[in-house]
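Next come the chains, spelled out residue by residue.
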Amino acid sequence: MAEKEIDLRKMVKHVRGTVEFIHHDKARCTGCGRCVNICPMELWELKKSKAFISPDYAEKCVECGSCWLVCESNAIEFSYPEGGTGVIWEYG
Ligand code: SF4
Ligand code: SF4
């Protein structure tokens, strides 16, 4: 586990929502790796030229939206979790 990931997790709490807030369209994914490189929590990985997001992303994602912003293929849909759920910043 990368040190930067540990540091960020110390700063947040998560309240798990009931709906998914990141959707990945593998048919559109070109495997460029931009989401893998940008995610501060290292939640994306490439397998056989397609990106995959960690199954437990909802408990670790800090909702920065970077993966959605850098995906030039519109393969990622991101929306903030429903009110009262998601990441809660404790410090900063
Ligand atoms: S940035 Fe988009 S196209 Fe590139 S690997 Fe990630 S999901 Fe696939
Ligand atoms: S929103 Fe940010 S932390 Fe969450 S998966 Fe995308 S890049 Fe990673």
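This text goes with the structure placed above it.
The model shown is predicted, which means the values in this text are computed figures rather than measured ones.

### Overview of the site of ligand 1
Okay, step 1: Around ligand 1 sit 13 residues in total, of which His24, Cys29, Cys32, Cys35 and Cys71 are the nearest.
Okay, step 2: Of the residues in the shell around ligand 1, the class split is seven nonpolar, five polar and one charged.

### Points about the pattern of salt bridges
Okay, step 1: Following the criterion strictly, the structure yields five salt bridges and no others.
Okay, step 2: A salt bridge links Glu59 to Arg16, with the shortest nitrogen-to-oxygen separation between them at 3.0 Å. You can see Glu59 sitting in helix α3 (residues 57-60) and its partner Arg16 sitting in the loop between β1 (12-15) and β2 (22-24), a full 43 residues away along the chain.
Okay, step 3: With a relative accessible area of 44%, Glu59 lands in the partly exposed category.
Okay, step 4: The class for Arg16 is partly exposed, based on a relative accessible area of 45%.

### With respect to the pairing of strand β3 (residues 44-47)
Okay, step 1: Note that β3 and strand β4 (residues 50-53) share four bridges and pair antiparallel. Paired with Glu45 across the two strands is Phe52, which belongs to β4.
Okay, step 2: If you look at the hairpin formed by β3 and β4, you'll find two residues sitting between the two strands, and Lys48 has a positive phi there, around 50°.

### As for the side chain of His24
Okay, step 1: Relative to the helices and strands, His24 is located in strand β2.
Okay, step 2: Of note is the side chain of His24, whose polar atom sits 3.3 Å from the backbone oxygen of Ala51.

### Some thoughts on the side chain of Thr85
Okay, step 1: You can see Thr85 is positioned in the loop between β5 (76-78) and β6 (86-89).
Okay, step 2: At a separation of 2.7 Å, a polar atom in the side chain of Thr85 contacts the main-chain carbonyl oxygen of Glu82.

### Structural notes on the site of ligand 2
Okay, step 1: Ligand 2 sits among 13 residues. The nearest are Cys39, Cys61, Cys64, Gly65 and Cys67.
Okay, step 2: When the residues that make up the shell around ligand 2 are grouped by side-chain class, the tally is 11 nonpolar, two polar and no charged.

### Some words on unusual backbone geometry
Okay, step 1: Positive phi, normally seen in glycine, also occurs at Glu42, with a value near 55°.
Okay, step 2: The residue Glu42 is located in the loop between α2 (34-38) and β3 in this model.
Okay, step 3: With a phi angle near 55°, Asn74 is a residue other than glycine that sits in the positive phi range.
Okay, step 4: By the element assignment, Asn74 lies in the loop between α4 (66-70) and β5.
Okay, step 5: Asn74 sits in the exposed class, given a relative accessible area of 56%.

### Comments concerning the packing of aromatic side chains
Okay, step 1: What the rule picks out here adds up to three aromatic pairs.
Okay, step 2: On the numbers, 5.1 Å between centres and 80° between planes, the contact of Phe78 with Tyr80 is edge-to-face.

Thresholds, definitions, all that
- Residues numbered from 1 in each chain as written.
- Chains lettered and ligands numbered in written order.
- Predicted model: local features only at pLDDT ≥ 70, side-chain atom pairs only at ≥ 80, totals over all residues.
- Heavy atoms only, no water.
- Near = heavy atom within 4 Å.
- Nonpolar A, V, L, I, M, F, W, Y, C, P; charged D, E, K, R; others polar.
- Salt bridge = Lys/Arg side-chain N within 4 Å of Asp/Glu carboxyl O.
- Helix = DSSP H or I, 4+ residues; strand = E, 2+ residues; numbered from the N terminus.
- Buried < 20%, exposed > 50% of the residue type's maximum accessible area, 1.4 Å probe, protein only.
- Pairing = 2+ DSSP bridges.
- Polar contact = N/O pair within 3.5 Å; in protein donor to acceptor, adjacent residues only side chain to side chain.
- Phe/Tyr/Trp six-rings, centres within 6.5 Å; stacked < 30°, edge-to-face > 60°.

These results come straight from atomic positions and should not be treated as a statement about function.
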